[in-house]
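# Overview (structure and organization)
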Amino acid sequence: MNRAWYMRCLGSTLWPSFLAAAVASVVFFASIDPQTLQMQTVPDWNISRMAGYTIGFFMFWGVGLLSSSLTYLLSGGNSSRNA
Amino acid sequence: MRNQEKEVTADAGMYVAREKIHPREVKGPFQTLRNIAVIVLLGIYYGLAWVQWEGRQAVLFDLPARQFHIFGLTFWPQDFLYLALLLIIAALSLFFFTALAGRLWCGYACPQTVWTEAFIWMERLTEGNRQQRLKLDKSPCNSTKLLRRGSKHVLWVLFALYTGFTFVGYFTPIRELSVNVATFSLGGWETFWLLFYGFATWGNAGFLREQVCIYMCPYARFQSAMFDPNSLIISYDEKRGEPRGGRGRNVDHKAKGLGDCIDCNLCVQACPTGIDIRDGLQYECIACAACIDACNGVMDKMDYPRGLIRYTTENAMEGKPSRILRPRILIYGLLLLALTVGVLYSLTLRTPLAMEVMADRNVLYRDVDFETIENVYTVRILNKDSQAHEYVLTVDGLPGARVITRPERIHVRAGSTDTVIARVQVPRGAATGPGHPIELQLTSQSDPAIQSTNAARFHGPDE
């Protein structure tokens, strides 16, 4: 695993999913207050709004990462790509 | 030997191992412009967080309270449209400037470029110029190397941490935050985001650098779609430069059949992405113009005219005229102008007041006395203005209807919310059966233009 390959792999999975997660978080939390969400789903779990935003952001990132990784894998990203 | 090694790595189905790029320091007008851009942009980033406006932080994205303060304006989640429009305007300006002047954004304004430049300054301060850094890379581990490397990393880490601190300072009031940092009483999430952003800065600007542009940046991949033969690019004048070759200062190179390029390689050494501009336009080129400055310096020394590498257009290179006004520019420009004017206009017309009306779900209606029926609503008032207001609630839609709030004049502080209970009373005969539409209207007492109307339903008994 050399470094340039590693960079490509991270660059085309971690990064796009990060961008998508940032956009998704903004849109999602602009219309939905994490505190309302918490009240309606897990009222016993006492977390702050900041925690809600953070968890939401990382959830979106995780989902995006999964999707990006599959795309990378299926499009043969590790062998044939050439910029 | 080196080439052989490279081939072996390539044969193994991998990529050529990256060598660390140490861009050479250049002097010239474009470098000065870049330095100014770095200082101004970083100055805004680090300074703006400390600016106060009417008793609170001027720019504060108060996520816990779900409101954004930008100088006199307060934005609520209901104002999401403005954020969306702002993003569209940002994207359109990127298209516009790319079509007009190429990758201006990449070379001068992109945070990746700006922070990388700042990190290179620190590197230069501790490890010296390009030659010294290359030598240091090769030198065995000794006390000088440890000291130089160590002090560089200390500077980098401190700078990155301060960057992370400032970042969090846009979401939590930075003055409180600095007190918390000083007293080691920082909250968990704040600590996390401070370290996360600090780490990202340190990694991106210290280590990844040009690789972010080459492997990670989506803009670098699609910017070519906005280019046309009239867009500004940085290009090497091949006709003038070739055949390249070394020569003495006072030699008539034209007699020897040489072009103006003396093959000194300074343009390659100055390039932060490590490309050779003489190979033609490449997507790795971030248009920072460092090679122009480097080459012009050499041209001056050789007494050749400047501009062997220069800002030009594809058309100009082929001897055709370049046009600034063309359909692409006009369309991007007009869209940009229309959107910007539209947003500014609607911002000035924006009513700095919003309310939500929720009917009491427990009781549909109450009998106040023999003549009167009452419905109860919870009214949430958002004062988006930068000053406090006193509001009065009125009702419309049913004959003889009146509304009672306690107090009658509802005082709401600037940029905050308040909730009042509103009791709407209607004569018994006027509202039979459920679901009569009514309108609740909230009006500021100091400025009657500031008002907001909400529809609601009034339920009466079925008699």
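Reading the values: the criteria
Residues numbered from 1 in each chain as written. Chains lettered and ligands numbered in written order. Predicted model: local features only at pLDDT ≥ 70, side-chain atom pairs only at ≥ 80, totals over all residues. Heavy atoms only, no water. Helix = DSSP H or I, 4+ residues; strand = E, 2+ residues; numbered from the N terminus. Buried < 20%, exposed > 50% of the residue type's maximum accessible area, 1.4 Å probe, protein only. Contact = heavy atoms within 4.5 Å. Areas by Shrake-Rupley, 256 points an atom, 1.4 Å probe, with all protein chains shown as cover. Rg over C-alpha atoms; globule rule 2.2 N^0.38 Å. Lys, Arg positive; Asp, Glu negative; His and termini not counted. Charge placed at Lys NZ, Arg CZ, Asp CG, Glu CD. Pairing = 2+ DSSP bridges. Axes fitted to C-alpha atoms, helices over the stretch in contact; angles between N-to-C directions. Salt bridge = Lys/Arg side-chain N within 4 Å of Asp/Glu carboxyl O. Parallel < 35°, antiparallel > 145°, perpendicular 65-115°, else oblique. Nonpolar A, V, L, I, M, F, W, Y, C, P; charged D, E, K, R; others polar. Core = buried A, V, L, I, M, F, W, Y, C linked by side-chain atoms within 4.5 Å. Expected span 1.5 Å × (residues − 1). Polar contact = N/O pair within 3.5 Å; in protein donor to acceptor, adjacent residues only side chain to side chain. pLDDT = per-residue confidence, 0-100. Phe/Tyr/Trp six-rings, centres within 6.5 Å; stacked < 30°, edge-to-face > 60°. Lys NZ or Arg CZ within 6 Å of the ring centre and 35° of its normal. Patch = residues over 30% accessible without salt bridge, like charges linked within 9 Å, V, L, I, M, F, W, Y side chains within 5 Å.

### Structural notes on the overall build of chain A
Scanning chain A from N- to C-terminus turns up four helices and zero strands. Helices and strands in chain A line up, N terminus first, as α-α-α-α. Taken over 83 residues, chain A has a buried fraction of 39%. For chain A, contacts bridging at least 24 residues in sequence account for 69% of all contacts bridging at least 6. For chain A, the accessible area works out to roughly 5,000 Å², and carbon and sulfur atoms hold 69% of it.

### Points about the overall build of chain B
Counting its secondary structure elements, chain B contains 16 helices and 16 strands. In terms of C-alpha radius of gyration, chain B reaches 32 Å, well past the compact-globule figure of 23 Å for 463 residues. For chain B, the exposed area adds up to about 24,300 Å²; of that, 63% sits on carbon and sulfur atoms. Once the 49 positive and 45 negative side-chain charges of chain B are each reduced to a mean point, those two points are 9 Å apart.

### Observations concerning the sheet that holds strand 5 (residues 73–75) of chain B
Remark on secondary structure: sheet strands pair via backbone hydrogen bonds, oriented parallel or antiparallel. Residues and elements named next belong to chain B. Taking strand neighbours across the sheet as the criterion, the three strands line up as 3-4-5 in an open arrangement whose pairing is antiparallel. Only two strands of the sheet have a single partner each, and these edge strands are strand 3 (59–62) and strand 5. Neighbour-to-neighbour, the strand axes of the sheet open up by a mean angle of 10°, direction not taken into account.

### A few points about the pattern of salt bridges
Counted by the stated rule, this structure contains 28 salt bridges over all chains. What emerges from the salt-bridge pattern is a single network uniting Lys20, Glu123, Glu127, Arg133, Asp137, Arg149, Lys152 and Arg209 of chain B.

### Some points on the packing of helix 2 (residues 29–48) of chain B against helix 7 (residues 143–169) of chain B
Residue and element names in this part refer to chain B. Interhelical geometry of helix 2 versus helix 7 gives an angle of 55° and a closest axis separation of 9 Å. Judged by the angle between their axes, helix 2 and helix 7 are oblique. Within the contact between the two elements, helix 2 uses Leu42, Tyr45 and Tyr46 and helix 7 uses Phe159, Tyr162, Thr163, Thr166 and Phe167. Considering only residue class, the contact of helix 2 with helix 7 consists of six nonpolar, two polar and no charged.

### Focus on the pairing of strand 15 (residues 436–444) of chain B
Residues and elements named next belong to chain B. Taken together, the six bridges between strand 11 (residues 389–396) and strand 15 define a ladder with antiparallel strand orientation. Paired with Asp396 across the bridge in strand 15 is Glu439. Here eight bridges tie strand 15 to strand 16 (residues 451–458), and the two strands are oriented antiparallel to one another. Each bridged residue has a counterpart across the sheet, and for Pro437 the counterpart in strand 16 is Arg457. Between the antiparallel neighbours strand 15 and strand 16 lie six residues.

### So, the nonpolar core
Residue and element names in this part refer to chain B. Grouped together as the largest cluster of nonpolar side chains are 44 residues, with contacts concentrated most on Ile234, Ile277 and Ile309. For this core, the secondary-structure elements that each account for two or more residues are helix 3 (80–101), helix 4 (104–109), strand 6 (232–236), helix 13 (266–270), helix 14 (290–302) and helix 16 (327–349). Other than its neighbours up to four places away in sequence, Ile309 contacts Ile234, Ser235, Tyr236, Cys267, Ile277, Cys291, Ile292, Cys295 and Asn296. Of all hydrophobic cores here, the second largest spans 26 residues; its members include Val357, Leu398, Val403 and Ala431.

### Some points on helix 14 of chain B
Residues three or four positions apart in an α-helix share a direction because the helix packs 3.6 residues into each turn. Residue and element names in this part refer to chain B. Given a rise of 1.5 Å per residue, 13 residues ought to cover 18 Å, and the 19 Å separating the end C-alpha atoms of helix 14 matches this to within 8%. Taking burial as the measure, the 13 residues of helix 14 include ten buried ones, the bulk of the element. Here helix 14 has its buried residues at Ala290, Cys291, Ile292, Asp293, Ala294, Cys295, Asn296, Val298, Met299 and Met302. Residues of helix 14 that are buried in the fold lie against helix 2, strand 6, helix 12 (238–241), helix 13 and strand 7 (309–313).

### A short note on the side chain of His253 of chain B
Residues and elements named next belong to chain B. Inspection of the secondary structure puts His253 in the loop between helix 12 and helix 13. Reaching out from His253, the side chain makes a polar contact with the side chain of Tyr304 at a distance of 3.1 Å. Excluding residues that lie within four positions of it along the chain, His253 makes contacts with Arg247, Leu258, Gly259, Asp260 and Tyr304.

### A few points about the confidence of the model for chain A
A residue-level look at chain A finds 87% of positions with pLDDT of 70 or above and a mean pLDDT of 82. Here helix 1 (residues 3–11) of chain A is the element of chain A with the lowest mean pLDDT, 74, and helix 4 (residues 49–74) of chain A is the one with the highest, 91.

### A few points about the sheet that holds strand 13 (residues 410–412) of chain B
Residue and element names in this part refer to chain B. The four strands are arranged 13-11-15-16 in an open sheet whose pairing can be described as antiparallel. Strands at the two margins of the open sheet, each flanked by one partner only, are strand 13 and strand 16. In this sheet, neighbouring strand axes are inclined to one another by 30° on average, regardless of whether the strands run parallel or antiparallel. As paired strands, strand 11 and strand 13 are joined by three bridges and run antiparallel to one another. When the bridges of strand 13 are listed, Glu390 appears paired with His411.

### Side note on the packing of aromatic side chains
Going through the model one piece at a time under the given rule, you end up with 40 aromatic pairs over all chains. Geometry around Phe75 of chain B places Arg350 of chain B over its ring, the cationic atom sitting 5.0 Å from the centre.

### Here's the deal with the environment of Ala51 of chain A
Within the secondary structure, Ala51 of chain A sits in helix 4. Along the backbone, Ala51 of chain A and Pro34 of chain A are 17 residues apart, and their C-alpha atoms lie at a distance of 8.8 Å.

### Considerations on a nonpolar patch on the surface
The grouping of Val42, Trp45, Ile55 and Met59 of chain A together with Trp189 and Phe192 of chain B at the surface amounts to a nonpolar patch, some 560 Å² of accessible area in total. Examined against the element boundaries, Trp45 of chain A turns out to sit in the loop between helix 3 (34–41) and helix 4.

### Some details on unusual backbone geometry
Residues and elements named next belong to chain B. Cis peptide bonds are those with omega within 30 degrees of zero, and the linkage from Glu242 to Pro243 qualifies with -10°. Summarising the element assignment, Pro243 is placed in the loop between helix 12 and helix 13. A positive phi is found at Ala289, a non-glycine position, where the angle reads about 70°. Tracing the backbone shows Ala289 in the loop between helix 13 and helix 14.

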